[in-house]
Amino acid sequence: MKKIDLRNLIMPFSLLKGSNAFRDLKTEETLELIWNDAQSLGDLYKVIPLDRCEVISITDLRPNNSGIKVHLRKTKNNIKQKEIIMSDVDLSTIEIGNTVDARGSACPGPLLEAKKGIGKVKVGEILEIFSNDAGTRTDIPAWSNKVGHGYLGVLEADGYDKHYVKRNK
């Protein structure tokens, strides 16, 4: 497993270094990245080819405010299980199948609400999750990947985030 600490780099350089390290991996090799914050994870998903990536774990290192650790595995091309993270413009125009409002709920509340909400949308439809808990930025993408749904991305709203998950099964 290759480990890279990106906490002391400015955002564009940390993204470049992280994506280059992932690109250099062979299939089934793993990479552990340590970032400053959970918001960096959304940016990482925009530069790493999600059709060749499996999120093994995401660990919040916040008890001492030292960042977030992401453990990735490079996989064979698997576009059926993954969705490409959409742009803000695309996300703001998609049709929503159901919305779950988990604002005011602390971890693991938003994730539990998402798990309940995904059952209320049909396969191929989009679940929108409102949350103002910072941990949701890592929990929802990791859960979506683990269970085979497509994480489409996040939009920042006034004091909360809107996460989008496509039900794949």
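Throughout what follows, the structure given in this document is the object of discussion. (Residues numbered from 1 in each chain as written. Predicted model: local features only at pLDDT ≥ 70, side-chain atom pairs only at ≥ 80, totals over all residues. Heavy atoms only, no water.)

Some points on the environment of Phe130
Link 1 in the chain: Topologically, Phe130 is positioned in strand S6 (residues 126-131).
Link 2 in the chain: Taking the C-alpha atoms as reference points, Phe130 and Asp101, separated by 29 residues in sequence, lie 4.8 Å from one another.
Link 3 in the chain: Discounting chain neighbours no more than four positions away, the residues touching Phe130 are Thr99, Val100, Asp101, Ala102, Arg103, Tyr160, Asp161 and Lys162. (Helix = DSSP H or I, 4+ residues; strand = E, 2+ residues; numbered from the N terminus. Contact = heavy atoms within 4.5 Å.)

Considerations on the packing of helix H4 (residues 109-118) against helix H5 (residues 136-147)
Link 1 in the chain: Close contact between H4 and H5 brings their axes to 10 Å; oriented N to C, the two are set at 35°. The crossing of H4 and H5 is right-handed. Along the contact surface, H4 presents Pro110, Leu111, Ala114, Lys115 and Ile118, while H5 presents Thr136, Asp139, Ile140 and Trp143.
Link 2 in the chain: Among the residues making up the contact of H4 with H5, the classes are represented as 6 nonpolar, 1 polar and 2 charged. (Axes fitted to C-alpha atoms, helices over the stretch in contact; angles between N-to-C directions. Left-handed = near helix turned anticlockwise from the far one by under 90°. Nonpolar A, V, L, I, M, F, W, Y, C, P; charged D, E, K, R; others polar.)

A short note on the side chain of His163
Link 1 in the chain: Tracing the chain through its elements places His163 in strand S8 (residues 161-166).
Link 2 in the chain: Using a relative accessible area of 0% as the deciding quantity, one classes His163 as buried.
Link 3 in the chain: In this structure the side chain of His163 is engaged in a polar contact, spanning 2.9 Å, whose partner is the side chain of Tyr151.
Link 4 in the chain: When neighbours within four sequence positions are excluded, His163 is seen to be in contact with Leu127, Glu128, Ile129, Thr136, Arg137, Ile140, Tyr151, Gly153 and Val154. (Buried < 20%, exposed > 50% of the residue type's maximum accessible area, 1.4 Å probe, protein only. Polar contact = N/O pair within 3.5 Å; in protein donor to acceptor, adjacent residues only side chain to side chain.)

Looking at the packing of aromatic side chains
Link 1 in the chain: Enumeration over the complete set of coordinates arrives at 1 aromatic pair.
Link 2 in the chain: With 5.2 Å between their ring centres and 55° between their planes, Phe130 and Tyr160 make a pair best called tilted. Here Phe130, found in strand S6, pairs with Tyr160, found in the loop between strand S7 (150-156) and S8; they are 30 residues apart in sequence, far enough to count as distant.
Link 3 in the chain: Judged by relative accessible area, which is 13%, Phe130 ranks as buried.
Link 4 in the chain: The exposure class of Tyr160 is buried, given its relative accessible area of 16%.
Link 5 in the chain: Here the guanidinium or amino end of Arg103 rests over the ring plane of Tyr160, the centre of that ring lying 4.3 Å away. (Phe/Tyr/Trp six-rings, centres within 6.5 Å; stacked < 30°, edge-to-face > 60°. Lys NZ or Arg CZ within 6 Å of the ring centre and 35° of its normal.)

Quick notes on the sheet that holds strand S3 (residues 53-60)
What holds strands together in a sheet is hydrogen bonding between their backbones, with the strands either parallel or antiparallel.
Link 1 in the chain: Pairing is mixed in the open sheet, where 4 strands are placed in the order S1-S2-S4-S3. Each having just a single partner strand, strand S1 (2-5) and S3 make up the two edges of the open sheet. Strand-to-strand twist of the sheet, defined as the mean angle between neighbouring strand axes without regard to direction, takes the value 15°.
Link 2 in the chain: One ladder, built from 6 bridges, connects strand S2 (residues 30-35) with strand S4 (residues 68-74); its direction is antiparallel. Across the sheet, the residue bridging to Glu32 is His71, located in S4.
Link 3 in the chain: Strands S1, S2, S3 and S4 of the sheet are contacted by helix H1 (residues 11-24), whose axis makes an angle of about 170° with S2. (Pairing = 2+ DSSP bridges.)

With respect to the pattern of salt bridges
Link 1 in the chain: In total, this model carries 7 salt bridges according to the counting rule given.
Link 2 in the chain: Residue Lys116 is joined to Glu113 by a salt bridge in which the shortest nitrogen-to-oxygen separation is 3.6 Å. Linking Lys116 with Glu113, this pair stays in helix H4, spanning 3 residues, or about one helical turn.
Link 3 in the chain: When its relative accessible area of 29% is taken as the criterion, Glu113 is described as partly exposed.
Link 4 in the chain: When the shortest N-O distance is used, the salt bridge between Arg137 and Asp161 registers 3.0 Å. You can see Arg137 sitting in helix H5 and its partner Asp161 sitting in strand S8, a full 24 residues away along the chain.
Link 5 in the chain: Given the relative accessible area of 11%, Arg137 is considered buried.
Link 6 in the chain: Taken together, the shared-partner salt bridges in this structure form one network comprising Arg137, Glu156 and Asp161. (Salt bridge = Lys/Arg side-chain N within 4 Å of Asp/Glu carboxyl O.)

By themselves, these observations are geometric and do not establish any function.
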